[in-house]
Amino acid sequence: QHRPRSCYREANSISPAMSRARYVVRRALAPLKAWRAEAAAGLVSHNLPGAVRQSPVTVGLGRSAALNPHAMSSLRTLRGIAASAHAVSSDSESRGTTQGGAESAGVEEVHSFQAETRRLLDIVTNSLYTDKEVFVRELVSNASDALEKCRHAHLAKGADPGALEVTITTDDALRRFTITDSGMGMSRADLVSNLGTIARSGSKAFVDELSAGGEGATASTNIIGKFGVGFYSAFMVSERVDVFSCTGDGVGWKWSSSGDGTYTLASCGVELRAPVGGNADAKTNGEEDEVGGKAPWRGTRVVLHVKEADRAIAAAGWAVENTLKKYSAFVGFPVNLNGRRTNDIDALWTKRANEVSDEDATTFYRFVGGALDAPAFRLHFSADAPLTIRALLFAPSENPEKGFAARGVEGDQSGLSLYSRRVLIQANARGLLPGFMRWVRGVVDCEDVPLNISRESLQDSDLVRRLGEIITRRMIKFLGERAKKEPERYAEWYAKMGVFIKEGVCGDQSYAYKESLVPLLRFDSSRKQEEVEEGSEPKSEADGDGGKPAKPAQVSLDEYVARMPAGQKDIYYLVSSGGRKQAESSPYLELTRGKGYEVLFLYAHVDEFVMQHVRRHKGKDLVSVEVADLEDDADAKKEGDADGKSEGEGEALGEEAMEKLCQWFAEKALPGRVTGVKSSSRLRSSPALLVGHEPEAMRRYRLMLTMMQDDATATKLDDLQSAAGLELNPRHAIMHAIDAARASSDPEAQRAAQLVAEQVFDNARVAAGALSDPREMVGRINQILELALPKPSTPPIP
């Protein structure tokens with residue numbers, strides 16, 4: 001102000017930035033000169049309020065605050081204004097004295113926001129928040145912070161803070177929303193500093209003060225605010241906002257603004273007693289104030305005069321209640337709406353796991369998850385490094401995407417609610433968990449989560465990704481622990497929820513969790529439960545089971561590998577969409593049953609895709625028993641007796657006779673329908689089996705393409721379907737009969753051999769699940785029955 005003009009000319013010649021600085025200083029000096037003139041006229045005090053001297057526009061701006069480019073530009077400009085204001089106010093105080101009795105007389109003082117501050121207020125009011133309803137969350141958070149400061153201050157002195165609660169009242173007829181807290185309250189200087197200065201966070205300053213003093217760790221953890229803009233969200237729904245506050249010294253102050261660039265400040269009455277949201281009509285010192293026109297004896301009351309257009313959002317009790325339950329259900333102090341408490345469910349994630357009962361956990365799960373069932377498992381954990389996390393996660397007992405109460409999530413949403421210091425940031429938080437973990441329900445509270453200034457979105461995607469990885473890996477590890485400690489309960493849960501685990505194995509494109517998910521897979525097994533429990537060898541079909549039905553044995557791949565015989569090289573599985581009974585009757589199990597090899601039964605169509613993605617586990621390949629070359633095992637088939645017979649089997653056809661029979665099958669009986677026919681050494685009780693055929697997954701894919709009328713691809717897949725070979729059992733009685741009939745000179749016997757050979761082939765296709773339409777066999781079966789039955793001695797009567 002006192003530099004010669006030559007300095008300005010020199011500055012202009014050096015840099016345009018200096019010219020901008022001069023412009024900013026002039027803008028800052030204009031209202032200060034006006035204040036000086038008013039002070040000289042005795043209209044206001046000569047002492048500029050102390051909060052203004054302390055860079056009021058920018059003090060307390062949170063380090064993580066992230067405004068849009070326009071807001072950031074305004075804040076950078078305001079820093080310069082604040083510095084100028086400090087210099088001018090210091091100069092004025094040195095020459096002025098306190099004048100006038102505005103405070104004692106209750107005369108309203110008119111203050112102006114700085115020009116750039118007015119612009120920022122408009123941004124906060126109209127552009128910062130997505131939903132107008134969040135003003136309730138912001139005001140409740142402010143009230144909670146005030147109560148936490150009061151609690152800390154009284155406990156530090158060993159005093160009783162009294163009842164600490166938040167009271168909200170709505171009046172639809174008067175279009176009024178009122179929120180009152182019994183916290184610390186604000187003095188005149190606090191009102192000017194905290195409400196007359198946008199982006200100054202009193203809560204942030206309080207936390208910084210505690211941190212600097214090395215005390216109040218609990219209080220600083222419970223403080224919610226950090227940006228200093230939440231209060232101004234009230235202007236989104238209000239024509240005017242009135243704030244009545246008292247620090248408990250009997251002096252009340254009223255701050256009022258319409259969000260148009262000015263605010264008024266005046267003294268007001270104070271209630272004689274201390275109930276939060278008490279009798280607003282109580283008279284103080286004989287003064288006649290409007291309803292709600294007094295400050296509480298200690299604390300703050302904010303009155304919103306709601307716009308007509310926002311009446312349904314801010315003045316209707318049911319709408320405010322829904323917003324409170326959505327965003328502020330776990331605030332640490334009681335929140336009462338129109339005489340009824342709204343946050344009666346505790347924030348269980350802030351407690352120790354042993355302090356939470358099953359009943360409370362179930363109630364909490366149903367509240368946050370919108371579910372009707374009870375959780376199967378719950379994970380209660382906390383971490384301080386690398387992130388500060390408090391979480392309570394649930395594994396539903398029913399598939400949340402099925403049934404009457406189905407509630408799926410969309411896109412990259414998760415089933416988790418993300419909180420920061422007990423305040424909801426995102427329900428169904430996006431990008432937090434991989435898609436296959438969308439079934440997880442619960443709450444994650446992270447103090448380090450990087451919030452946008454509106455607290456509606458997350459900013460640091462890398463940090464959010466790390467948070468999601470921590471939660472995902474911890475939940476997978478927890479399920480593994482439950483599977484070992486409670487195998488039966490886990491198997492019951494897996495039967496309903498295992499589809500998500502399978503999706504993670506073969507559907508997660510990152511494959512980041514495949515190795516940790518594979519041990520969670522469970523399959524039915526060819527072993528019966530009794531055999532597993534007793535550690536006995538598999539029972540043969542001839543062994544009795546005492547009339548007691550055998551229970552299926554759910555087995556993990558780890559358990560399978562642990563009990564593999566020494567000579568077994570691979571993990572074998574069989575796809576059987578028809579269930580266990582169909583699988584047990586499959587001819588592909590005959591040799592594995594004789595060798596004592598366990599086979600996993602896959603009933604779901606997706607299971608084969610899972611096996612193809614796993615491919616190998618603990619050094620063992622996963623192989624379908626339909627294509628397995630079991631004869632190459634170290635425990636290869638032993639030769640039978642010297643006469644070619646094995647126990648329980650008939651005489652085997654000679655090598656030459658079998659070779660001719662296989663040639664007849666390929667060239668005469670099934671020309672063009674098989675790629676080859678050969679003698680089998682793996683069959684025991686079945687006459688034949690199909691080999692080299694398309695897998696179950698490919699058949700389903702072909703069916704899908706056929707339904708989509710992709711004729712070209714379907715034709716190629718039909719060719720693949722017919723590309724199968726046939727193995728014949730040389731010891732089976734049917735093979736002996738066919739060989740004799742085909743060599744007979746009787747045309748009727750040759751015809752029977754042809755029909756039976758075709759039926760044997762179709763039976764093998766049925767056993768392999770490769771026959772699409774079994775109706776084509778009906779005519780042939782009737783002909784075989786006709787040949788099998790004796791002809792009547794007399795012709796039938798017409």
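Note that the coordinates shown come from a computational prediction; the quantities given were computed from them, not determined experimentally.

Novice: Is there a simple way to think about the nonpolar core in this case?
Specialist: Soluble, globular proteins show a tendency: their nonpolar side chains are buried together. Ranked by size, the top nonpolar core spans 100 residues in total, and within it Leu393, Trp439, Trp493, Phe665, Leu726 and Leu728 carry the most contacts. At nine residues, helix α14 (residues 461-485) tops the list of elements feeding residues into this core. Ignoring anything within four residues of it in the chain, the contact list for leucine 393 reads Phe377, Arg378, Leu379, Phe381, Leu416, Val440, Arg441, Gly442, Val443, Val444, Ile471 and Met475. Within the second largest apolar cluster, 61 residues are counted, among which are Tyr129, Leu139, Ile168 and Ala329.

Novice: Can you help me understand helix α15 (residues 487-507) in this one?
Specialist: Three- or four-residue spacings in an α-helix give side chains the same orientation, since the helix completes a turn every 3.6 residues. In a regular helix each residue adds 1.5 Å, so 21 residues correspond to 30 Å; α15 covers only 25 Å between its end C-alpha atoms and thus falls short of that length. Of all the bends in α15, the greatest, near 70 degrees, is centred on methionine 497. For α15, the complete set of buried residues consists of Tyr490, Trp493, Tyr494, Met497, Gly498, Phe500, Ile501, Lys502, Gly504, Val505 and Cys506.

Novice: I keep staring at the packing of aromatic side chains and nothing clicks. Help me out?
Specialist: Centre distance and the angle of the planes are the two values used to describe a pair of aromatic rings. Going through the model one piece at a time under the given rule, you end up with 22 aromatic pairs. What links up through ring pairs into an aromatic cluster is the set Phe330, Trp349, Phe364, Tyr365, Phe367, Phe394 and Tyr419. A cation over an aromatic ring shows up here: arginine 474 above the ring of phenylalanine 381, its NZ or CZ 5.9 Å from the ring centre.

Novice: Any chance you could explain unusual backbone geometry here in plain terms?
Specialist: Among all residues save glycine, negative phi is the norm, and among peptide bonds the norm is trans. Its identity is not glycine, yet asparagine 338 carries a phi of approximately 50 degrees, on the positive side. Overall, asparagine 338 belongs to the partly exposed group, its relative accessible area being 42%.

Novice: It is not clear to me how the sheet that holds strand β22 (residues 688-691) should be interpreted in this structure. Could you clarify?
Specialist: For sheets, the rule is that strands pair by backbone hydrogen bonds, running either parallel or antiparallel. With mixed pairing, the three strands of this open sheet are ordered in space as β21-β23-β22. Single-partner strands in this sheet number two, and they are β21 (677-679) and β22. Ignoring strand direction, the axes of neighbouring strands in this sheet form an average angle of 25 degrees. Across three bridges, β21 lies against strand β23 (residues 725-728) in parallel orientation. Across the sheet, valine 677 pairs through a bridge with leucine 726, a residue of β23. On the sheet, helix α26 (residues 747-768) packs against β22 and β23 and is oriented at approximately 60 degrees with respect to β22.

Novice: Honestly, α26 in this entry has me stumped. Any pointers?
Specialist: Compared with an ideal rise of 1.5 Å per residue, which puts 22 residues at 32 Å, α26 spans 32 Å between its outermost C-alpha atoms and is within 8% of the ideal. Taken as a whole, α26 has its buried residues at Ala749, Ala753, Leu755, Ala757, Glu758, Gln759, Val760, Phe761, Asp762, Ala764, Arg765 and Ala768.

Novice: I would appreciate a short explanation of the environment of glutamine 754 in the present structure.
Specialist: With respect to the helices, strands and loops of the structure, glutamine 754 is situated in helix α26. When the C-alpha atoms of glutamine 754 and isoleucine 738 are compared, they prove to be 8.2 Å apart, with 16 residues separating the residues in sequence. Setting aside its immediate chain neighbours within four residues, glutamine 754 contacts Trp664, Lys668 and Ala669.

Novice: Would you mind showing me how to read the pairing of strand β18 (residues 599-602) here?
Specialist: When a strand is regular, its side chains alternate between the sheet's two faces. The alternating pattern of β18 places Val599 and Phe601 on one face and Leu600 and Leu602 on the opposite face, and all of these are buried. Here strand β17 (residues 571-575) pairs with β18 via four bridges, running parallel. Note on β18: the bridge partner recorded for tyrosine 573 is leucine 600.

Novice: Whenever I open this one, the packing of α15 against helix α21 (residues 606-614) confuses me. Can you help?
Specialist: At a closest axis distance of 9 Å, the pairing of α15 and α21 adopts a crossing angle of 45 degrees. Compared by their axis directions, α15 and α21 come out oblique. In this structure, α15 meets α21 at a crossing whose hand is left-handed. Of the residues in α21, those in contact with Lys502, Val505 and Cys506 of α15 are Val606, Asp607, Phe609, Val610, His613 and Val614.

Novice: Looking at this structure, how should I read the packing of α26 against helix α27 (residues 778-788)?
Specialist: Where α26 meets α27, the closest approach of the two axes is 10 Å, and the angle between their N-to-C directions is 135 degrees. Classified by the angle their axes make, α26 and α27 are oblique. The two elements α26 and α27 cross, and the hand of that crossing is left-handed. Mapping the contact onto sequence places Glu748, Arg751, Ala752, Leu755, Val756, Glu758, Gln759 and Asp762 in α26 and Arg780, Ile781, Gln783, Ile784 and Leu787 in α27. The residue inventory of the contact of α26 with α27, partitioned by class, reads six nonpolar, two polar and five charged.

Novice: Would you mind showing me how to read the sheet that holds strand β13 (residues 423-426) here?
Specialist: Taken together, the five strands give an open sheet; going across it, the order is β10-β11-β14-β12-β13, and neighbouring strands pair in mixed fashion. Edge positions in the open sheet fall to β10 (375-383) and β13, since each of these has one partner strand only. Across the sheet, the axes of successive neighbouring strands diverge by a mean angle of 25 degrees, strand direction being ignored. Packing against the sheet, α15 makes contact with β10 and β11 (389-396), and its axis sits at approximately 100 degrees to β10.

Novice: Sorry, what's going on with the pairing of β11 here?
Specialist: Buried residues dominate β11, accounting for seven of its eight residues. As paired elements, β10 and β11 share eight bridges and run antiparallel to each other. The partner of histidine 380 across the bridge, within β11, is leucine 392. Hairpin connection, β10 to β11: the antiparallel pair is bridged by five residues. Of the strand pairs in this sheet, β11 and strand β14 (residues 441-446) are connected by six bridges, and their pairing is antiparallel. Looking at the pairing, alanine 391 lines up with valine 444 of β14.

Novice: Help me understand the pattern of salt bridges in this model?
Specialist: Under the counting rule described, the total for this entry stands at 38 salt bridges. Linking lysine 326 and glutamate 133 is a salt bridge whose minimum nitrogen-to-oxygen distance equals 3.2 Å. Of this pair, lysine 326 sits in helix α12 (residues 317-327) while glutamate 133 sits in the loop between α6 (115-126) and α7 (134-157); the two residues are 193 residues apart in sequence, bridging distant segments of the chain. Residue lysine 326 is classed as partly exposed on the basis of its relative accessible area of 38%. When the shortest N-O distance is used, the salt bridge between arginine 482 and glutamate 486 registers 2.8 Å.

Novice: Can you walk me through the confidence of the model for the protein in this structure?
Specialist: If pLDDT is low for a region, its predicted coordinates should not be looked at in detail. Looking at the protein, pLDDT values average 75 and 66% of them are 70 or higher. For the protein, per-element mean pLDDT is lowest for helix α3 (residues 50-53), which scores 39, and highest for strand β2 (residues 166-171), which scores 96. Note that pLDDT drops below 50 for residues 1-14; the model gives that stretch eight contacts with residues more than four away or on any other chain.

Criteria and cut-off values
Residues numbered from 1 in each chain as written. Predicted model: local features only at pLDDT ≥ 70, side-chain atom pairs only at ≥ 80, totals over all residues. Heavy atoms only, no water. Core = buried A, V, L, I, M, F, W, Y, C linked by side-chain atoms within 4.5 Å. Buried < 20%, exposed > 50% of the residue type's maximum accessible area, 1.4 Å probe, protein only. Helix = DSSP H or I, 4+ residues; strand = E, 2+ residues; numbered from the N terminus. Contact = heavy atoms within 4.5 Å. Expected span 1.5 Å × (residues − 1). Bend = angle between axes of the 7 residues up to and from the residue. Phe/Tyr/Trp six-rings, centres within 6.5 Å; stacked < 30°, edge-to-face > 60°. Lys NZ or Arg CZ within 6 Å of the ring centre and 35° of its normal. Pairing = 2+ DSSP bridges. Axes fitted to C-alpha atoms, helices over the stretch in contact; angles between N-to-C directions. Parallel < 35°, antiparallel > 145°, perpendicular 65-115°, else oblique. Left-handed = near helix turned anticlockwise from the far one by under 90°. Nonpolar A, V, L, I, M, F, W, Y, C, P; charged D, E, K, R; others polar. Salt bridge = Lys/Arg side-chain N within 4 Å of Asp/Glu carboxyl O. pLDDT = per-residue confidence, 0-100.

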